[in-house]
Amino acid sequence: LTNVWPNIYTLFSETGFLVEYGVTGKLLVLGILLMIFYYVSKKKFSVTPELFVASGLFFSLFISAFYPFMNYRSGLLANVFALLAFIQNKKKFYVPMAMCIISYVSYGFFYNEIIGVYFWIYALGLVVLMLDAGVEFYKKLQTGK
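This one's a predicted model, so the numbers in the text were calculated from it and none came from an experiment.

Asker: Just checking my understanding: could you explain the pattern of salt bridges for this structure?
Answerer: Pairing between side chains of opposite charge can happen when the charged atoms of each approach one another. Under the defined criterion, the tally for this structure stands at three salt bridges. Across the salt bridge formed by D132 and K92, the nearest N and O atoms sit 3.1 Å from each other. Taken together, the residues D132 in helix α6 (residues 119–143) and K92 in the loop between α4 (76–88) and α5 (94–112) connect sequence positions 40 residues apart. Exposure remark for D132: the relative accessible area of 22% places this residue in the partly exposed category. Given a relative accessible area of 12%, K92 falls into the buried group.

Following this line, the structure appears as structure tokens:
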């Protein structure tokens, strides 16, 4: 279910209930995304570059964290949005640093098949970054900008 990307399935089981988690995980992500898009469609806001970057970072992190069978290249778009978030707000310096570490560990684990630290730690880091991006996205939607 992880395919060398530290997603949420690293915390539970990567191989157990493969068929059940695979289908359920895809439907769960699709359902949550549809609910978020419905909520956003009912809001009145103006699209700004800050909102675009916040939404792109949140959605790319959400999909890479919860969608099953994501490979080691799944964080590339999130890395780009993390750099853009840092360029817009210098206080978010930790986001691209953490994303680069998670991506580096994922690439290293794919090519070397050896990892020095437990892989679930990076999955928790990815979830924490996703929650931080979600809070930022929600704040930007509430301000209307």
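After that view, the rundown keeps rolling.
Asker: Even after reading the chapter, I still don't get α4, so can you show me in this structure?
Answerer: Along its 13 residues, α4 runs 19 Å from first to last C-alpha, staying within 8% of the 18 Å computed at 1.5 Å per residue. Residues A78, N79, F81, A82 and A85 constitute the buried set of α4. On an axial view of α4, the arc spanned by its buried residues comes to 170°, and they lie on one face. The outward face of α4, more than 90 degrees from its buried face, is lined by the exposed residues L76, L77 and I87. The elements touched by buried residues of α4 are α3 (49–66) and α5.

Asker: I would appreciate a short explanation of the nonpolar core in the present structure.
Answerer: Soluble globular proteins tend to pack their nonpolar side chains together in the buried interior. Among the nonpolar cores identified, the biggest contains 34 residues, and L57, F58, L61, M99, L126 and F137 are the most heavily contacted of them. Taken together, the elements giving at least two residues each to this core come down to α2 (18–42), α3, α4, α5 and α6. Sequence-distant contacts of M99, defined by excluding residues within four places in its chain, comprise W5, L61, G75, A78, N79, A82, L126 and L129.

Asker: Mind showing me how you'd approach the side chain of N79 here?
Answerer: If you trace the backbone, N79 turns up in helix α4. Residue classification places N79 among the buried positions, given a relative accessible area of 15%. Polar side-chain contacts of N79 include one of 2.9 Å to the side chain of S103. Other than its neighbours up to four places away in sequence, N79 contacts M99, C100 and S103.

Asker: What exactly am I supposed to notice about the environment of F62 here?
Answerer: Mapped onto the secondary structure, F62 falls in helix α3. In this structure the C-alpha to C-alpha distance between F62 and V40, which are 22 residues apart in sequence, comes to 16 Å.

Asker: Got a minute to help me understand the packing of aromatic side chains in this structure?
Answerer: Each pair of aromatic rings is reported with the distance of its centres and the angle of its planes. Counting across every chain of the model gives 15 aromatic pairs. Here the aromatic rings of F37 and F59 are separated by 5.2 Å at their centres, their planes lie at 55°, and the arrangement is tilted. Of the two residues, F37 is situated in helix α2 and F59 in helix α3; the sequence distance between them amounts to 22 residues. Taking the relative accessible area as the measure of exposure, F59 reaches 15% and is therefore buried. Between Y118 and W120 the ring centres are 6.5 Å apart and the planes differ by 25°, which places this aromatic pair in the stacked class. Note on Y118: relative accessible area 60%, which makes it exposed. According to the relative accessible area criterion, W120 is partly exposed, its value standing at 40%. For the cation-ring pair, R73 lies above Y72, with the distance from its terminal atom to the ring centre recorded as 4.9 Å.

Rules of the game
Along each chain, residue indices are assigned from 1 in the same order as the chain's sequence is written. In keeping with the predicted nature of the model, local features appear solely for residues at pLDDT of at least 70, side-chain atom pairs appear and are counted solely at 80 or more, and the whole-chain, interface and lining totals rest on all residues. Excluded from the side-chain calculation are hydrogens and water; included are all heavy atoms of the structure. The salt bridge definition used is simple: a Lys or Arg side-chain nitrogen within 4 Å of an Asp or Glu carboxyl oxygen. The helix count covers DSSP runs of H or I at least four residues long, the strand count covers runs of E at least two residues long, and both are numbered beginning at the N terminus. Burial classes follow relative accessibility: with a 1.4 Å probe on protein chains only, a residue under 20% of its type's maximum area counts as buried, one over 50% as exposed, and anything between as partly exposed. The span expected for a helix works out to 1.5 Å for each residue beyond the first. Think of it as the arc spanned by the lines of direction from the helix axis to the C-beta atoms. We call two residues in contact when some of their heavy atoms are within 4.5 Å. Buried Ala, Val, Leu, Ile, Met, Phe, Trp, Tyr and Cys residues form a nonpolar core when they are joined through side-chain atoms within 4.5 Å. Here a polar contact is taken to be a pair of N or O atoms separated by no more than 3.5 Å, where protein atoms must pair a possible hydrogen donor with a possible acceptor and residues adjacent in sequence count only if both atoms sit in side chains. The rule is short: rings of Phe, Tyr and Trp, with Trp giving its six-membered ring, pair when the centres are within 6.5 Å, and they are stacked under 30 degrees, edge-to-face over 60, tilted in between. Geometrically, a lysine NZ or arginine CZ counts as sitting over a ring once it is within 6 Å of the ring centre and also within 35 degrees of the ring normal.

The quantities given are spatial measurements derived from coordinates; they are silent on function.
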